[in-house]
Amino acid sequence: MKNRMVSWAHAAIPKREVMERNRFIRPFAMRPELWLLSRRSVPRGVAIGLFIGFLLLVPGLQIVGAALLCVPVRGNIPIAAAMTFLSNPLTTPLIVAAALWIGSSFGFHSDIATFQALVANGASLGEWAGWLVSDAAPSLIFGLFVIAAVLAVIGYIAAVIGWRILTAAKRRSRIAQFAARQAAAGLEATSQSASE
């Protein structure tokens, strides 16, 4: 299951070579800082991907929006695109319900009972659209914005901390390897001098 999800995500994330062939996107695709993993671009990509992924719940537009927003802030496009997959058809109902609750908590009118009735009755797409346009749109939009902003900040902080932990672990590993090589070289030199 995990391998299928990874291969699906790998196929869905825009590749630099493909984007360089598009004449409209080529100037942006040729900027290396949008594709390299660095301590600045990765947290920016995580934050942008989470923000767009939870604010814009339209699957095809999420990746495009995240990629376009990465350009001015120099975020990592593949990371941002991958983060948009956290909001998917399985999590969308929970996100919408949480957004409506948050919007209602801040004083926007949204009839939660109507939402629950639509879910229970298996409402059609037209009924959902009518309810969103007439009653719940301000509450939903505000709630989605709050969720997206909070998750973007949390994701940014987590990515910065994760990057530092990863960098420190790699540095400790390099130091240990260097010390082992030095010890082996010292041991070899000692054995050579003892044999002479």
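Definitions and cut-offs
Residues numbered from 1 in each chain as written. Predicted model: local features only at pLDDT ≥ 70, side-chain atom pairs only at ≥ 80, totals over all residues. Heavy atoms only, no water. Helix = DSSP H or I, 4+ residues; strand = E, 2+ residues; numbered from the N terminus. Expected span 1.5 Å × (residues − 1). Buried < 20%, exposed > 50% of the residue type's maximum accessible area, 1.4 Å probe, protein only. Arc of directions from axis to C-beta. Patch = residues over 30% accessible without salt bridge, like charges linked within 9 Å, V, L, I, M, F, W, Y side chains within 5 Å. Areas by Shrake-Rupley, 256 points an atom, 1.4 Å probe, with all protein chains shown as cover. Salt bridge = Lys/Arg side-chain N within 4 Å of Asp/Glu carboxyl O. Lys, Arg positive; Asp, Glu negative; His and termini not counted. Charge placed at Lys NZ, Arg CZ, Asp CG, Glu CD. Phe/Tyr/Trp six-rings, centres within 6.5 Å; stacked < 30°, edge-to-face > 60°. Core = buried A, V, L, I, M, F, W, Y, C linked by side-chain atoms within 4.5 Å.

**As for helix H7 (residues 92-105)**
Part 1 of the argument: Along its 14 residues, H7 runs 20 Å from first to last C-alpha, staying within 8% of the 20 Å computed at 1.5 Å per residue.
Part 2 of the argument: For H7, the full list of buried residues reads Ile95, Val96, Ala99, Leu100, Ile102 and Gly103. The arc that holds the buried residues of H7, viewed along the axis, is 165 degrees, so those residues lie on one side. The exposed set on the far side of H7, more than 90 degrees from its buried face, consists of Leu94 and Trp101.

**Some words on a positive patch on the surface**
Part 1 of the argument: A cluster of basic side chains, namely Arg39, Arg40, Arg74 and Arg164, defines a positive patch on the protein surface.
Part 2 of the argument: Along the polypeptide, Arg40 turns up in the loop between helix H3 (26-29) and helix H4 (41-55).

**Section: the environment of Trp131**
Part 1 of the argument: Here Trp131 lies in helix H9 (residues 125-195).
Part 2 of the argument: For the pair Trp131 and Thr114, spaced 17 residues apart in the sequence, the C-alpha separation amounts to 8.3 Å.

**Brief notes about the packing of aromatic side chains**
Part 1 of the argument: Scanning the entire structure with this criterion turns up 2 aromatic pairs.
Part 2 of the argument: Judged by centre distance (5.9 Å) and plane angle (85 degrees), the rings of Phe51 and Phe145 are edge-to-face. Of this pair, Phe51 sits in helix H4 while Phe145 sits in helix H9, and the two are 94 residues apart along the sequence.
Part 3 of the argument: Measuring from ring centre to ring centre gives 5.1 Å for Phe106 and Phe142, while their planes differ by 65 degrees; the resulting arrangement is edge-to-face. With a gap of 36 residues between them, Phe106 in the loop between H7 and helix H8 (112-121) and Phe142 in helix H9 connect regions that are remote in the sequence.

**Examining unusual backbone geometry**
A negative phi angle is the norm for most residues apart from glycine, just as the trans form is the norm for most peptide bonds.
Part 1 of the argument: The phi dihedral of Arg74 falls on the positive side, at around 60 degrees, and the residue is not glycine.
Part 2 of the argument: If you trace the backbone, Arg74 turns up in the loop between helix H5 (59-73) and helix H6 (77-83).
Part 3 of the argument: Judged by its relative accessible area of 41%, Arg74 is partly exposed.

**Here's the deal with the nonpolar core**
Generally speaking, a soluble globular protein has its nonpolar side chains buried in company with each other.
Part 1 of the argument: Core analysis: the largest hydrophobic core is formed by 19 residues, its most contacted members being Phe54, Leu100, Trp131 and Leu140.
Part 2 of the argument: The greatest single-element share of this core, amounting to 7 residues, is contributed by H9.
Part 3 of the argument: In terms of nonpolar packing, the next biggest core, distinct from the first, is built from 10 residues, Leu34, Ile48, Ile77 and Ala80 among them.

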